Amino acid sequence: MSQSNELPPFPENLLIAPLRVISYAKPVAVDLEEEIKLFQASKGLGFFYLDLQHASKKEETLLSDVDRLFDMAPRFFAISQEEKEKYDLTKNNGHGYKTLGQISKDDILSQSPHPIFGPAILQNHHSLLRRYIESAQSVHTVILQGLSNQLGLSPEHSLINLHRISQPSGDQIRITYAPTSSSTPGEQRMKLGEHTDFGSLSLLFNRLGGLQVLPPGQTAWHYVRPMKGHAIVNLGDAMVKFTNGLLRSNIHRVVSPPGSQASLPRVSIVYFMRPDDDTELKRLEGSELIPALAQNQVEEVITAKDWIQRRFVMRMKGFFSPETWTQTLGTEARAS
Ligand SMILES: O=C(O)CCC(=O)C(=O)O
Ligand SMILES: [Fe+2]
């Protein structure tokens, strides 16, 4: 039986973030009402739930594959130190081990010149990882289609053209695993310092609370309550750059699971969709809704590949210490 059936409840008395629920079953890209909700959520909080229940067989498979990845996670992090060092994150351009398990799309789909297949446990789950990447990509593509429609982008300028599964990119699966701590019960322990995501879209599955967002204009952190059968989707910095600030990449962080959930290790499974490596991260042409550049505004010319590399290097220096978050800034505007 998977862990989700036996979890201690999420406490009732917490400050909860008001995420909209977007139904994938409709589906987003052809249902105008749903598409408008998607656009509003992407401009507003930059975070929403995606209800994957009652969708097609494909989404049913995605949800059961996510269960399999949750089952794999503790074993993935339990391999020997020696094995972990072979795949040290800092030596492999951000793919591999350390505190976060990061698995590159290009490696799994054999699109890198020198793919890293990782330790035996990943090799044994190769077809699961491949299928998960393909499903996550297709969910993200539906979201990109909905956003492109709402922005009024023609097929020629669509966001989809900048995120092709066949092209090299920084896309990755990230598995996080935070063991329980023996520290004082109730003590708030930071698991992942405040940050925005680097890429375009993040598809996140977690079962225990701990994820928090700082809604625009507020000073209090709000918990995001995990919901069964739903992914949490958030937009990253690339979307802010493409739309000159129209869409939002919101600050978030992960603290200890609340209440009695703190007694369990916390796992999350994320798929980060990032623009194709050679995409320039700048304001898109072709939409009247995307604000024009200010008169003296000059955009930096940087490709997605260089941007991600730059943010990754900075992040490695300060990810786990909230006091250094300003050094790792992306496009985030705090409490704006
Ligand atoms: O674990 C979570 O719930 C969120 C993780 C996250 O924000 C990230 O990996 O960027
Ligand atoms: Fe994140």
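Residues numbered from 1 in each chain as written. Chains lettered and ligands numbered in written order. Predicted model: local features only at pLDDT ≥ 70, side-chain atom pairs only at ≥ 80, totals over all residues. Heavy atoms only, no water.

The name given to the chain in an unreviewed UniProt entry is Fe2OG dioxygenase domain-containing protein, and the organism recorded there is Oidiodendron maius. Here is the UniProt Sequence similarities (unreviewed entry) comment for the chain, exactly as written: "Belongs to the iron/ascorbate-dependent oxidoreductase family." (UniProt positions renumbered as here; feature names shortened; annotations may be inferred.)

The next subject is helix H6 (residues 126-151). Here H6 spans 37 Å end to end across 26 residues, near enough to the 38 Å set by a 1.5 Å rise per residue. Among the residues trailing H6, Gly152 stands out with phi positive, at a value near 75°. (Helix = DSSP H or I, 4+ residues; strand = E, 2+ residues; numbered from the N terminus. Expected span 1.5 Å × (residues − 1).)

Let us now look at the coordination of the iron ion (ligand 2). Every protein donor of the iron ion (ligand 2) is listed here as His195 (NE2), Asp197 (OD) and His252 (NE2), and their distances to the metal cover 2.1 to 2.3 Å. Sequence spacing among the residues donating to the iron ion (ligand 2) works out to H-x1-D-x54-H. Taken as a pair, His195 in strand S5 (residues 190-195) and His252 in strand S10 (residues 252-255) lie far apart in primary sequence, 57 residues in all. (Donors = N, O, S within 2.8 Å, 3.2 Å for Na, K, Ca; no water.)

On to the nonpolar core, then. Among the nonpolar cores identified, the biggest contains 61 residues, and Leu50 and Phe205 are the most heavily contacted of them. Here this core takes 11 residues from H6, the largest share from any one element. (Core = buried A, V, L, I, M, F, W, Y, C linked by side-chain atoms within 4.5 Å. Buried < 20%, exposed > 50% of the residue type's maximum accessible area, 1.4 Å probe, protein only.)

Here the focus is the packing of aromatic side chains. Applying the stated criterion across every chain, the model contains four aromatic pairs. Pairing Phe10 with Tyr223 gives two aromatic rings, centres 6.1 Å apart and planes at 80°, and the pair type is edge-to-face. One end of the pair, Phe10, is in the segment before strand S1 (20-23); the other, Tyr223, is in strand S8 (residues 222-223), and 213 residues separate them in sequence. Judged on exposure class, the residue Phe10 and its partner Tyr223 are both buried. Seen in terms of ring centroids, Tyr132 and Tyr271 are 6.3 Å apart; in terms of plane orientation they differ by 80°. Their pairing is edge-to-face. Taken together, the residues Tyr132 in helix H6 and Tyr271 in strand S11 (residues 266-273) connect sequence positions 139 residues apart. Exposure class is identical for Tyr132 and Tyr271. Each is buried. Taken together, the ring pairs in this structure connect Phe76, Phe77 and Tyr177 into an aromatic cluster. (Phe/Tyr/Trp six-rings, centres within 6.5 Å; stacked < 30°, edge-to-face > 60°.)

Once that is clear, we can look at the packing of helix H1 (residues 32-43) against H6. Axes are the key here: two packed helices are described by the angle between their axes and the distance separating the axes. Between H1 and H6, the shortest axis-to-axis distance is 9 Å and the interhelical angle comes to 90°. It follows that H1 is roughly perpendicular to H6 by the angle criterion. Taken together, the residues of H6 that come into contact with H1 (itself represented by Leu32, Glu35, Ile36, Leu38, Phe39 and Ser42) are Ile143, Gly146, Leu147, Asn149, Gln150 and Leu151. In terms of residue class, the contact of H1 with H6 is built from seven nonpolar, four polar and one charged. (Axes fitted to C-alpha atoms, helices over the stretch in contact; angles between N-to-C directions. Parallel < 35°, antiparallel > 145°, perpendicular 65-115°, else oblique. Contact = heavy atoms within 4.5 Å. Nonpolar A, V, L, I, M, F, W, Y, C, P; charged D, E, K, R; others polar.)

Another aspect to go through is the pairing of strand S6 (residues 201-206). By the criterion of burial, S6 is predominantly enclosed, with six of the six residues buried. Across the two faces of S6 the burial is the same, with Leu201, Leu203 and Phe205 and Ser202, Leu204 and Asn206 all buried. Judged from the four bridges that link them, S6 and strand S9 (residues 230-235) form a sheet pairing that is antiparallel. In the strand pairing of S9, Leu203 is matched with Val233. Judged from the six bridges that link them, S6 and S11 form a sheet pairing that is antiparallel. For Leu201, the partnering residue across the bridge sits in S11 and is Met273. (Pairing = 2+ DSSP bridges.)

To continue, consider helix H2 (residues 57-77). Its 21 residues give H2 an end-to-end C-alpha distance of 30 Å, which sits within 8% of 30 Å, the value for a rise of 1.5 Å per residue. The largest bend in H2 comes to about 30°, at Asp71, with the proline Pro74 one to four residues further on. Inspection of H2 places Glu59, Leu62, Asp65, Val66, Leu69, Phe70, Met72, Ala73, Phe76 and Phe77 among the buried residues, and these make up the whole buried set. (Bend = angle between axes of the 7 residues up to and from the residue.)

With that out of the way, let us pick up the side chain of Thr243. With respect to the helices and strands, Thr243 occurs in the loop between helix H7 (237-242) and S10. Looking at Thr243, its side chain comes within polar contact range of the main-chain nitrogen of Leu247, at 3.1 Å. When neighbours within four sequence positions are excluded, Thr243 is seen to be in contact with Leu151, Ile290 and Pro291. (Polar contact = N/O pair within 3.5 Å; in protein donor to acceptor, adjacent residues only side chain to side chain.)

The local shell around ligand 1 consists of Arg174, Leu192, His195, Asp197, Leu204, Asn206, Leu211, His252, Val254, Arg266, Ser268 and Phe272. Here an oxygen atom of ligand 1 and a side-chain polar atom of His195 are 3.1 Å apart. At a separation of 2.8 Å, an oxygen atom of ligand 1 approaches a polar side-chain atom of Arg266. Against a free-state accessible area of 300 Å², the protein chains account for coverage of 98% of ligand 1. When residues of the shell around ligand 1 are traced back to their parent elements, those giving at least two are S5, S6, S10 and S11. At three residues, S11 tops the list of elements feeding residues into the shell around ligand 1. (Near = heavy atom within 4 Å. Areas by Shrake-Rupley, 256 points an atom, 1.4 Å probe, with all protein chains shown as cover.)

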